[in-house]
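Working through the structure, step by step
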Amino acid sequence: MIATLAADFAAALPDGGRLIGLDVGTKTIGTALCDAGWSFASGAPLIRRSKFTADKAALADLIGKQSVRGIVIGLPLNMDGSDSPRTQSTRAFARNLADMALPILLWDERWSTVAVERMMIEQDLSRAKRAERVDSLAAAHILQGAIDALANLPR
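Residues numbered from 1 in each chain as written. Predicted model: local features only at pLDDT ≥ 70, side-chain atom pairs only at ≥ 80, totals over all residues. Heavy atoms only, no water.

Here the focus is the overall build of the protein chain. When you go through the protein chain residue by residue, the secondary structure sums to five helices and six strands. Along the protein chain, helices and strands appear, N-terminal first, in the series β-α-β-β-β-α-β-α-β-α-α. Sequence-distant contacts in the protein chain: of pairs separated by 6 or more residues, those separated by 24 or more amount to 65%. When the accessible area of the protein chain is evaluated, it comes to approximately 8100 Å², of which 53% is carbon and sulfur surface. (Helix = DSSP H or I, 4+ residues; strand = E, 2+ residues; numbered from the N terminus. Contact = heavy atoms within 4.5 Å. Areas by Shrake-Rupley, 256 points an atom, 1.4 Å probe, with all protein chains shown as cover.)

Put into structure tokens, the structure is as follows:
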């Protein structure tokens, strides 16, 4: 099941559970994990992209080790909310993960990388350290936005 609304995703996870957030890029997949109570997200290992089967195997390994119950994927929409070629690629990536039998939420990530870059600049991190961490921190930012929305849904 692939959802674009937090309520639909939450309905597929009535008992909550740990979630993984993904920032899918062309060279890497930033990952983040949250606690089972959907309170906080933190960066997890970066996956260097290669063939899709290897990427999926690395994700499946992380998902299995962390007892993940759902996947949140950042959806890179244009500023006006329309799709771009990257958006279509991300939707295809989500469809290719659907056989993992976990609910998937596509979450608007328009400002995630910018927000994370600003935070790292404020922390005076070097350009090299920013490049090394941006994808996993962007995934954490995406996942935190989703779990904040999930936590505010009426029960």
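Turning next to the pattern of salt bridges. Applying the stated criterion to the full structure yields four salt bridges. When the shortest N-O distance is used, the salt bridge between Arg49 and Asp55 registers 2.9 Å. Residue Lys56 is joined to Asp99 by a salt bridge in which the shortest nitrogen-to-oxygen separation is 2.5 Å. Of the two residues, Lys56 sits in helix H2 (residues 52–65) while Asp99 sits in the loop between helix H3 (85–97) and strand S6 (104–108), which places them 43 residues apart along the sequence. (Salt bridge = Lys/Arg side-chain N within 4 Å of Asp/Glu carboxyl O.)

Turning our eyes to something else, we now look at the packing of H2 against H3. H3 packs onto H2 with a crossing angle of 65° between their chain directions and a minimal axis gap of 11 Å. As for how H2 packs across H3, the hand of that crossing is right-handed. Residues Phe52, Lys56 and Leu59 of H2 form the contact with H3, whose participating residues are Phe93, Asn96 and Leu97. Among the residues forming the contact of H2 with H3, the class breakdown is four nonpolar, one polar and one charged. (Axes fitted to C-alpha atoms, helices over the stretch in contact; angles between N-to-C directions. Left-handed = near helix turned anticlockwise from the far one by under 90°. Nonpolar A, V, L, I, M, F, W, Y, C, P; charged D, E, K, R; others polar.)

Another aspect to go through is the side chain of Thr31. Along the chain, Thr31 falls in strand S3 (residues 28–34). Since its relative accessible area comes to 0%, Thr31 is described here as buried. Of the polar contacts made by the side chain of Thr31, one reaches the backbone oxygen of Pro45; its length is 2.4 Å. For Thr31, the contacting residues outside a window of four places in its chain are Ile20, Gly21, Leu22, Gly43, Ala44, Pro45, Ile47, Leu59, Leu62, Ser136 and Ala139. (Buried < 20%, exposed > 50% of the residue type's maximum accessible area, 1.4 Å probe, protein only. Polar contact = N/O pair within 3.5 Å; in protein donor to acceptor, adjacent residues only side chain to side chain.)

Moving on: H2. The terminal C-alpha atoms of H2, which comprises 14 residues, lie 20 Å apart, in line with the 20 Å expected from a rise of 1.5 Å per residue. Taken as a whole, H2 has its buried residues at Asp55, Lys56, Leu59, Leu62 and Ile63. For H2, the angular spread of the buried residues around the axis is 125°, confining them to a single face. Summarising the geometry of H2, the exposed residues directed more than 90 degrees from the buried face are Thr53, Gly64 and Lys65. (Expected span 1.5 Å × (residues − 1). Arc of directions from axis to C-beta.)

Another point: the environment of Gly30. Looking at the element boundaries, Gly30 is found in strand S3. Among the residues examined, Gly30 registers a relative accessible area of 0% and is labelled buried. Linking Gly30 and Leu137, residues 107 residues apart in sequence, is a C-alpha distance of 7.4 Å.

This next bit is on H3. Between its first and last C-alpha atoms H3 spans 19 Å; for 13 residues at 1.5 Å apiece the expected length is 18 Å, and the two agree. Taken together, the buried positions of H3 are Thr87, Thr90, Phe93, Ala94 and Leu97. Buried residues of H3, seen end-on, are gathered within an arc of 115° and therefore sit on one face of the element. Among the exposed residues of H3, those pointing more than 90 degrees away from its buried face are Pro85 and Arg95.

Glancing now at the pairing of strand S5 (residues 68–75). Counting buried positions along S5 gives seven out of eight residues, so the element sits mostly inside the fold. Judged from the five bridges that link them, strand S2 (residues 18–24) and S5 form a sheet pairing that is parallel. Of the residues in S5, the one forming a bridge with Leu19 is Gly70. The sheet contact formed by S5 and S6 spans five bridges and is parallel. Its bridge partner being in S6, Val72 is matched across the sheet by Leu105. What joins S5 to S6 is H3, and the crossover it makes is right-handed. (Pairing = 2+ DSSP bridges. Right-handed = clockwise from strand over helix to strand, strands pointing away.)

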